[in-house]
Amino acid sequence: MAELKRLSESRDLTRIERIGAHSHIRGLGLDSSMEARDASEGMVGQLPARRGAGLILQLIRQGKIAGRAVLIAGQPGTGKTALAMGIAKSLGAETPFASVAASELFSLDLSKTEALTQAFRRAIGVRIKEEAEIIEGEVVEISVDRPLSASSAGGSSGAPSGATTVGKSGRLTLKTTDMETVYELGGKMIEALGKEKVQSGDVIALDKASGKVTKLGRSIGRSRDYDAVGPHTKFVKCPDGELQKRKEVVHCVTLHEIDVINSRGSGTD
Ligand SMILES: Nc1ncnc2c1ncn2[C@@H]1O[C@H](COP(=O)(O)OP(=O)(O)OP(=O)(O)O)[C@@H](O)[C@H]1O
């Protein structure tokens, strides 16, 4: 029986995005000729400023502004930060955006130099390509030994969601068209499967190093199990060959996240 318990203990990195003053900004709201639409992507009005930000966006995309800075000046509350965020969002979901309020610098326990260094490192993203060990297959069954709630007593075919799963154990049966294997599950892995609402019939990928669970879709072979499925349900083939494969994956992280990972490795926690 293969072991997934170590996997469940692996360190994971969660990016938290709080709802804030700029959560409605999804881009600069420009059309294909880089003209500002009246209201688009959370942006309203400020047409010349948004068009100007569009020019900066083009320079960034063309790699002509690397290593330089842009100073946006204006009255308080007129949308300078919103424009900067609009540029970052237009560059793609993985583009980091870090903002610092001057007042924070004076109230932090950190030295000002350290706080500014952290902010810069939060704003610099790197793409890391690596070959990862992936376990990819169709879920035959998930059983949890000691379910928390009475309603799921006696084992379940789907992982429990939300509830604390620390100390839980269970088994995950995965198959490809050529083989079937039962994996031992630890508490964190059960939680990860629950978060993704994984159930039998789903085709999933597990990153062995990080413990990340990705739901690839529902198996075509199980498409007749339900009369109705949601409009976003994606049907995929049951994978073939070995369950365990090596695949190239790309991680996008900020320099600050790398610092956090490194400090956890050598830390005293
Ligand atoms: N054109 C716009 N469309 C929609 N929302 C906007 C627009 N401009 C600004 N906002 C929103 O108005 C609020 C104030 O804007 P913002 O914080 O960007 O101003 P600022 O110029 O950076 O202010 P300060 O100088 O005080 O830092 C924010 O919630 C921002 O998202």
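Basis of the calculations
- Residues numbered from 1 in each chain as written.
- Predicted model: local features only at pLDDT ≥ 70, side-chain atom pairs only at ≥ 80, totals over all residues.
- Heavy atoms only, no water.
- Helix = DSSP H or I, 4+ residues; strand = E, 2+ residues; numbered from the N terminus.
- Expected span 1.5 Å × (residues − 1).
- Buried < 20%, exposed > 50% of the residue type's maximum accessible area, 1.4 Å probe, protein only.
- Arc of directions from axis to C-beta.
- Core = buried A, V, L, I, M, F, W, Y, C linked by side-chain atoms within 4.5 Å.
- Near = heavy atom within 4 Å.
- Polar contact = N/O pair within 3.5 Å; in protein donor to acceptor, adjacent residues only side chain to side chain.
- Areas by Shrake-Rupley, 256 points an atom, 1.4 Å probe, with all protein chains shown as cover.
- Axes fitted to C-alpha atoms, helices over the stretch in contact; angles between N-to-C directions.
- Parallel < 35°, antiparallel > 145°, perpendicular 65-115°, else oblique.
- Left-handed = near helix turned anticlockwise from the far one by under 90°.
- Contact = heavy atoms within 4.5 Å.
- Nonpolar A, V, L, I, M, F, W, Y, C, P; charged D, E, K, R; others polar.
- pLDDT = per-residue confidence, 0-100.
- Pairing = 2+ DSSP bridges.

## Focus: helix α2 (residues 47-61)
Phase 1: For α2, built from 15 residues, the straight-helix expectation of 21 Å at 1.5 Å per residue is met to within 8% by its first-to-last C-alpha distance of 21 Å.
Phase 2: Taken as a whole, α2 has its buried residues at R50, A53, G54, I56 and L57. Buried positions in α2, seen along its axis, are confined to an arc of 165° and lie on one side of it. Summarising the geometry of α2, the exposed residues directed more than 90 degrees from the buried face are P48 and L55.

## Remarks on the nonpolar core
Phase 1: One finds L172, L174, L193, I204 and L206 to be the most contacted residues of the largest nonpolar core, which totals 16 residues.
Phase 2: Among the secondary structure elements, those contributing two or more residues to this core are β4 (125-144), β5 (170-175), β6 (180-185), α6 (187-195) and β7 (202-207).
Phase 3: The element contributing the most residues to this core is β4, with four residues.
Phase 4: Within the second largest apolar cluster, 14 residues are counted, among which are L30, M43, L83 and M85.

## What about the site of the ligand?
Phase 1: Taken together, the neighbourhood of the ligand is formed by 16 residues, with A21, V44, K80, T81 and A82 sitting nearest.
Phase 2: A distance of 2.8 Å is found between a nitrogen atom of the ligand and a backbone nitrogen or oxygen belonging to V44.
Phase 3: G79 has a polar backbone atom sitting 3.0 Å from an oxygen atom of the ligand.
Phase 4: Out of a free accessible area of 630 Å², the ligand has 69% covered by protein chains.

## Focus: the packing of α2 against helix α3 (residues 80-90)
Phase 1: Where α2 meets α3, the axes come as close as 10 Å, and the angle between the chain directions of the two elements is 40°. The orientation of α2 relative to α3 falls into the category oblique. Considering the relative orientation of α2 and α3, their crossing is right-handed. Along its contact with α2, which presents A49, R50, A53, I56, L57, I60 and R61, the element α3 presents L83, I87 and S90.
Phase 2: The residue inventory of the contact of α2 with α3, partitioned by class, reads seven nonpolar, one polar and two charged.

## Remarks on the confidence of the model for the protein chain
Phase 1: For the protein chain, the mean per-residue pLDDT works out to 81, and 81% of the residues sit at or above 70.
Phase 2: By mean pLDDT, helix α1 (residues 5-9) is the weakest element of the protein chain at 46, and α2 is the strongest at 93.
Phase 3: A low-confidence stretch, residues 6-12 (pLDDT under 50), is modelled with 18 contacts involving residues beyond four sequence positions or located in other chains.
Phase 4: For the stretch residues 150-156, pLDDT sits under 50, and the model shows seven contacts to residues farther than four places along the chain or on other chains.
Phase 5: We note a pTM of 0.61 for the whole complex and an ipTM of 0.95 for its interfaces.

## Some words on the pairing of β6
Phase 1: Pairing geometry for β5 and β6, over six bridges, is antiparallel. Across the sheet, G170 pairs through a bridge with L185, a residue of β6.
Phase 2: Linkage of β5 to β6, two consecutive antiparallel strands, is achieved through a turn of four residues.

## Concerning the environment of L28
Phase 1: Take L28: it is sitting in the loop between α1 and β2 (39-40).
Phase 2: The spacing of L28 and A84 is 56 residues in sequence and 9.1 Å in space, taken between C-alpha atoms.
Phase 3: Contact partners of L28, with chain neighbours within four places excluded, come to E41, M43, R50, A53, G54, L57, L83, G86, I87 and S90.

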